[in-house]
Amino acid sequence: MTSAPPPSDAAYQPQPPMAPQDQRLWATLIHLGGILFGFIPALVGYLVLKDRGDFIRQHTLEELNFQISYTIYAVAILILSIPTLGIASLLLIILGPAALIFMIIAAVKANAGDFYRYPLIFRFVK
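What you see as residue numbers is a count from 1 along each chain, following the sequence as written. Selection of residues for local features in this predicted model requires a pLDDT of at least 70, selection of side-chain atom pairs for listing and counting requires 80 or more, and totals for whole chains, interfaces and linings are taken over all residues. Excluding hydrogens and water, the side-chain values take into account all heavy atoms of the structure.

A.B. asks: I tried to follow the overall build of the chain on my own but got confused; where do I start?
C.D. replies: Broken down by element type, the chain carries four helices and zero strands. Secondary structure elements follow DSSP: runs of H or I no shorter than four residues count as helices, runs of E no shorter than two count as strands, and numbering proceeds from the N terminus. Shown N-terminal to C-terminal, the secondary structure of the chain runs as helices and strands in the order α-α-α-α. A radius of gyration in this sense is built from C-alpha atoms; the matching globule rule multiplies 2.2 Å by the number of residues raised to 0.38. Computed over the C-alpha atoms, the radius of gyration of the chain is 19 Å, more than 25% above the 14 Å expected from 2.2 N^0.38 for a compact globule of 126 residues. C-alpha atoms of the chain, sized along the principal axes, occupy 75 × 40 × 25 Å. Burial status follows relative accessibility: with a 1.4 Å probe on protein chains alone, a residue under 20% of its type maximum counts as buried, one over 50% as exposed, and anything between as partly exposed. Split into buried and exposed, the 126 residues of the chain put 32% on the buried side. Accessible area for the chain stands at about 8,200 Å²; split by element, carbon and sulfur atoms hold 72% of it. For the chain, the separation between the mean place of its 8 positive charges and that of its 7 negative charges on side chains is 7 Å. Note that accessible areas follow from Shrake-Rupley with a 1.4 Å probe, and for residues the cover is restricted to the protein chains shown. Counting rule applied: Lys, Arg positive; Asp, Glu negative; His and chain ends not counted. Where a charge lies is defined by one atom per residue type: Lys uses NZ, Arg uses CZ, Asp uses CG and Glu uses CD.

Written out as structure tokens, the structure is:
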């Protein structure tokens, strides 16, 4: 005995938009998650939540672009450290705390329902 296939509209059901307070919570967690886990929370958040609301899409996109830019800056500094005998690695003393401060500011802004644009980043993902 064979069963009938499900109706074609049941194959894909778009997720409903999230409530504004849920979008703020997830945006805050994604910004703070970057402190511990790098680009992973931003990438997963962008791929999973980008269609659930404009606010969460903007914040996950901004965090993903920040994490990509931060990684590029860190790798460039490490590469420059080789010919400069480690002197360029002193820039990591500035880059690390600055990134931490920017992520905390972005999380506070997201929790308040505001948008935050990171300074000095490339916008790779649009």
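A.B. asks: So what exactly am I meant to see when it comes to the nonpolar core here?
C.D. replies: Within soluble globular proteins, side chains that are nonpolar tend to cluster in buried spots. Working definition of a nonpolar core: buried Ala, Val, Leu, Ile, Met, Phe, Trp, Tyr and Cys residues. They are joined through side-chain atoms within 4.5 Å. One finds Met18, Ala27, Ile30, Ala42, Tyr46, Leu49, Phe55, Ile56, Leu61, Leu64 and Ala110 forming the largest nonpolar core, which totals 11 residues. Elements that contribute at least two residues to this core include exactly α1 (20-37), α2 (40-49) and α3 (54-81). Looking at which element gives the most residues to this core, the answer is α3, with four residues. What makes two residues a contact is simply this: any of their non-hydrogen atoms within 4.5 Å. Residues contacting Met18, with those up to four places away along its chain left out, are Gln23, Trp26, Leu49, Arg52 and Ile56. By size, the runner-up hydrophobic cluster in this structure holds seven residues, among which are Phe66, Met103, Ala106 and Ile121.

A.B. asks: What's the story with α1 in this structure? I'm lost.
C.D. replies: Because each turn of an α-helix spans 3.6 residues, side chains separated by three or four positions end up pointing in the same direction. One less than the residue count of a helix, multiplied by 1.5 Å, gives the span that helix is expected to have. Between its terminal C-alpha atoms α1 stretches 25 Å, which fits the 26 Å expected from 18 residues at 1.5 Å a residue. Buried within α1 we find Gln23, Ala27, Thr28, Ile30, His31, Gly33 and Gly34. Lining the buried residues of α1 we find α2, α3 and α4 (91-112). Looking one or two residues past α1, Gly38 carries a phi angle of roughly 70 degrees, positive in sign.

A.B. asks: Can you walk me through the layout of surface pockets in this structure?
C.D. replies: Think of a ball as big as a water molecule: rolled over the atoms, this probe shows where empty space is left. The pocket and cavity definitions rest on a 1 Å grid over protein atoms only: a 1.4 Å probe that fits but cannot leave marks a cavity, an open set with protein on both sides within 12 Å along at least five of seven lines marks a pocket, and residues lining either have an atom within 4 Å of a point. Grid points are joined across faces, edges and corners, and a volume is the space filled by probe spheres set on the points. Roughly 220 Å³ of volume is contained in the largest pocket. Elements with a contribution of two residues or more to the lining of the largest pocket: α3 and α4. A per-element tally of the lining of the largest pocket places α4 first, with five residues. Taken together, the residues of the lining of the largest pocket sort by class into 12 nonpolar, no polar and no charged. Residue classes follow a fixed rule: Ala, Val, Leu, Ile, Met, Phe, Trp, Tyr, Cys and Pro count as nonpolar, while Asp, Glu, Lys and Arg count as charged, and any other residue, Gly among them, counts as polar.

A.B. asks: Just to check I follow, could you spell out the pattern of salt bridges for this structure?
C.D. replies: What counts as a salt bridge is simple: a side-chain nitrogen of Lys or Arg found within 4 Å of a carboxyl oxygen of Asp or Glu. Tallied over the full model, the rule gives two salt bridges. With a closest N to O distance of 2.8 Å, Asp54 and Arg57 form a salt bridge. Taken together, the positions of Asp54 and Arg57, both in helix α3 and three residues apart, correspond to about one turn of that helix. Residue classification places Asp54 among the partly exposed residues on the basis of a relative accessible area of 44%. For Arg123, the salt bridge goes to Glu62, with nearest N and O atoms at 3.0 Å. In this pair, Arg123 is assigned in the segment after α4 and Glu62 in helix α3, connecting sequence segments 61 residues apart. The buried category is assigned to Glu62, whose relative accessible area is 4%.

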